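Overview (structure and organization)
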Amino acid sequence: MDSVSLQYLTDTRRKLHSLAELSGKEYKTSEFIVSELKRFGYKPKTIGTGVYCDAGKGNNRIAFRADIDALPITENVGSTGMHDYAAQSGVMHACGHDGHTANLLNVARIVGGKSKTPLRFIFQFGEEGEGGSQVMIDEGVLDGVSEIYALHLCPEIEQGKIGYCYGSMFAGCCEFDIDVTGKACHCATPSLGADAVRASVEIAEKAFNVAQNHGLLLNLGKVSGGLVRNVVADSCKSEYTLRFYDMAKCEAAMLDIERAALNADDAYGTNHTLISRGVYPPLINSALAVDKVRSVMKGRCIAVEPRYTAEDFSNYLLKITGCMVWLGVRAEGHTSPLHSECFSFDESALLTGTELFMKLIEASAEVNRRTNG
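Below is a short write-up of the structure.

About the cut-offs
- Residues numbered from 1 in each chain as written.
- Predicted model: local features only at pLDDT ≥ 70, side-chain atom pairs only at ≥ 80, totals over all residues.
- Heavy atoms only, no water.
- Helix = DSSP H or I, 4+ residues; strand = E, 2+ residues; numbered from the N terminus.
- Contact = heavy atoms within 4.5 Å.
- Areas by Shrake-Rupley, 256 points an atom, 1.4 Å probe, with all protein chains shown as cover.
- Lys, Arg positive; Asp, Glu negative; His and termini not counted.
- Charge placed at Lys NZ, Arg CZ, Asp CG, Glu CD.
- Axes fitted to C-alpha atoms, helices over the stretch in contact; angles between N-to-C directions.
- Parallel < 35°, antiparallel > 145°, perpendicular 65-115°, else oblique.
- Left-handed = near helix turned anticlockwise from the far one by under 90°.
- Nonpolar A, V, L, I, M, F, W, Y, C, P; charged D, E, K, R; others polar.
- Pairing = 2+ DSSP bridges.
- Patch = residues over 30% accessible without salt bridge, like charges linked within 9 Å, V, L, I, M, F, W, Y side chains within 5 Å.
- Salt bridge = Lys/Arg side-chain N within 4 Å of Asp/Glu carboxyl O.
- Buried < 20%, exposed > 50% of the residue type's maximum accessible area, 1.4 Å probe, protein only.
- Phe/Tyr/Trp six-rings, centres within 6.5 Å; stacked < 30°, edge-to-face > 60°.
- Lys NZ or Arg CZ within 6 Å of the ring centre and 35° of its normal.
- Expected span 1.5 Å × (residues − 1).
- Arc of directions from axis to C-beta.
- Polar contact = N/O pair within 3.5 Å; in protein donor to acceptor, adjacent residues only side chain to side chain.

**Structural notes on the overall build of the protein chain**
- For the protein chain, the count of helices and strands is 10 helices and 16 strands.
- Across the protein chain, the fraction of contacts at a sequence separation of at least 24, relative to all contacts at a separation of at least 6, is 81%.
- Surface summary for the protein chain: the accessible area is close to 16,600 Å², and the carbon and sulfur share equals 49%.
- Treating the 37 positive side-chain charges of the protein chain as one cloud and the 46 negative ones as another, the clouds have centres 7 Å apart.

So, in structure tokens, the structure goes:
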């Protein structure tokens, strides 16, 4: 790692922080990434607002991915200390994607045109709910790639440490709505109506039992229905998220929830529609890739438990070998959780991220030398 890395990481992270844009709308962020990559001698390509570029020649490329979108959160600049760099639009890099992107740009800067190892740098749009990884995969971003790595900032892990997890690191996520339609009537004559709220309540009770029976996590985050207290409701909408580590269990649970909804319709005379809003598979790390990270970073790696949060990096790992790791950023004054209006970090924490990626590149180059030598 060269002597200007910290200055570049600091300047770049703060620039990106000021540009914070929502999923699929990362126009200025994308333009900045493209301009930096061109400045380093690359020929970047775009997929929507996503960007990627290659170094070295050949197939069996090693890819590194950073996500570039932000969240609809108004930053508490008094806590983050980013007075001169906070976005002004109620959008904030509260999940550390500015750090992920600054880190990968720094790696691309160091590598420049010098790599003999075939590499691909992926700057992915739309991780926060848009499923941008699948769009980029469908457009060929993994063509010729054999391995992929990513990191995620973690305020629960001490700065300078890497957190690893074999197998399932993040849960899969299935977001779905259940719309129930009934018939309104006065509450004094309920037999003349069909109560959409009561049917929705029964569906919810059965859905939670289903999730528990399958060992899954279900949350009902929003319910809206009815007009006034003395009228039987003619509609009700419930918004759920289901978290899981086994796709087969998710599919079985969703079938059981559908059956529960059909039974509620029979009982209350209602009709329902179950609408799936999106599914992320579980993020399952390759043991080989995790071993490689542990090998290059040695004693600075610590084992961590899986989390019920979701990450669309999982889509890449359905296709090729790879892993995601946590990059510790916990330090004095930097302990706020991810997705908090107070989340921030010291850019020096990114030095460990750059070191990790550069060492993975060096390890692959050494394997290539041995293979071809």
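**So, the packing of helix H6 (residues 196-214) against helix H7 (residues 247-268)**
- Packing of H6 against H7 brings their axes to within 9 Å, and their N-to-C directions diverge by 155°. When the axes of H6 and H7 are compared, the pair comes out roughly antiparallel. For the pair H6 and H7, the sense of crossing is right-handed. Contacts between H6 and H7 pair Arg198, Ala199, Glu202, Ile203, Lys206, Ala207, Val210 and His214 from the former with Lys249, Ala252, Ala253, Asp256, Ile257, Ala260, Ala261, Ala264 and Tyr268 from the latter.
- Its residues placed into classes, the contact of H6 with H7 shows 11 nonpolar, one polar and five charged.

**So, the packing of helix H2 (residues 27-39) against helix H4 (residues 97-111)**
- Where H2 contacts H4, the two axes come as close as 10 Å, and the packing angle between them is 15°. When the interaxial angle is binned, H2 and H4 end up roughly parallel. For the pair H2 and H4, the sense of crossing is right-handed. In contact with Phe32, Ile33, Glu36 and Leu37 of H2, H4 contributes Thr101, Leu105 and Ala108.
- Its residues assigned to classes, the contact of H2 with H4 shows five nonpolar, one polar and one charged.

**Description of the sheet that holds strand E16 (residues 321-330)**
- Read from one edge of the open sheet, eight strands run E1-E2-E4-E3-E5-E16-E6-E15, paired in mixed fashion. The strands lining the two open edges of the sheet, one partner per strand, are strand E1 (45-47) and strand E15 (301-303). If you compare each strand with its neighbour and ignore which way they point, the axes differ by 30° on average.
- Sheet analysis places strand E2 (residues 50-55) next to strand E4 (residues 119-124), joined by five bridges and oriented antiparallel. Along E4, the bridge assignment pairs aspartate 54 with arginine 120.
- Packing against the sheet, H4 makes contact with E2, strand E3 (61-67), E4 and strand E5 (145-158), and its axis sits at approximately 155° to E4.
- In the packing of helix H8 (residues 287-297) onto the sheet, contacts are made with E5, strand E6 (162-164), E15 and E16, and the angle to E16 comes to roughly 45°.

**Focus on the sheet that holds strand E13 (residues 271-280)**
- Taken in spatial order, the four strands line up as E10-E12-E8-E13 in an open sheet, and their pairing is antiparallel. Both edges of this open sheet fall to strand E10 (217-225) and E13, since each of them pairs with a single strand only. For this sheet the average axis-to-axis angle between neighbouring strands, irrespective of direction, equals 15°.
- In the sheet, strand E8 (residues 172-181) pairs with E13 via nine bridges, with the strands oriented antiparallel. Bridge assignment links phenylalanine 176 to a residue of E13, and that residue is serine 276.
- Across the sheet, H6 is in contact with E8, E10 and strand E12 (235-244); its angle to E12 comes to roughly 10°.
- Its contacts with the sheet place H7 against E8, E12 and E13, and it is angled at close to 165° to E13.

**Digging into a nonpolar patch on the surface**
- A cluster of nonpolar side chains, contributed by Leu227, Val228 and Val231, occupies part of the molecular surface with about 280 Å² of accessible area.
- Counting through the fold element by element, leucine 227 comes out in the loop between E10 and strand E11 (231-232).

**Side note on the pairing of E4**
- Here E4 lies mainly inside the structure; six of its six residues are buried.
- Residues Leu119, Phe121 and Phe123 of E4 are buried on one face, and the alternating residues Arg120, Ile122 and Gln124, pointing to the opposite face, are buried as well.
- Sheet topology places E3 next to E4; six bridges connect them, and they run parallel. Among the inter-strand pairings, alanine 66 is bridged to a residue of E4, identified as phenylalanine 123.

**So, the packing of aromatic side chains**
- In this structure the tally under the stated criterion is 11 aromatic pairs.
- Between the aromatic rings of phenylalanine 64 and phenylalanine 357, the centroid separation amounts to 4.6 Å while the plane-to-plane angle is 40°, which identifies the pairing as tilted. Taken together, the residues phenylalanine 64 in strand E3 and phenylalanine 357 in helix H10 (residues 350-372) connect sequence positions 293 residues apart. For the pair shown, phenylalanine 64 and phenylalanine 357 are each scored as buried.
- Consider the rings of tyrosine 245 and tyrosine 308, whose centres lie 5.1 Å apart with planes at 35°: the pair is tilted. Pair noted here: tyrosine 245 is in the loop between E12 and H7 and tyrosine 308 is in the loop between E15 and helix H9 (314-317), with a separation of 63 residues, a long-range link.
- Overall, tyrosine 245 belongs to the partly exposed group, its relative accessible area being 27%.
- Of the aromatic side chains, those joined through ring pairs into one cluster are Tyr42, Phe64, Phe121, Tyr149 and Phe357.
- Above the plane of the ring of phenylalanine 345 lies arginine 13, whose end atom (NZ or CZ) is 3.9 Å from the centre.
- One cation-aromatic arrangement involves arginine 109 over tyrosine 8; the distance from NZ or CZ to the ring centre is 5.2 Å.

**Let's talk about H6**
- In this model H6 runs 27 Å from its N-terminal to its C-terminal C-alpha over 19 residues, within 8% of the 27 Å that 1.5 Å per residue would give.
- Turning to H6, its buried residues number three or more, namely Ala196, Ala199, Ser200, Ile203, Ala204, Ala207, Val210 and Ala211. Down the axis, H6 shows its buried residues gathered within 140° of arc, on one side only. In H6, those exposed residues whose orientation departs by more than 90 degrees from the buried face are Arg198, Glu205, Gln212 and Asn213.
- Close packing links the buried residues of H6 with E8, E10, E12 and H7.
- A side-chain oxygen of the first residue of H6 lies 3.0 Å from the backbone nitrogen of valine 197; this N-cap is aspartate 195.

In short, geometric facts, not functional conclusions.
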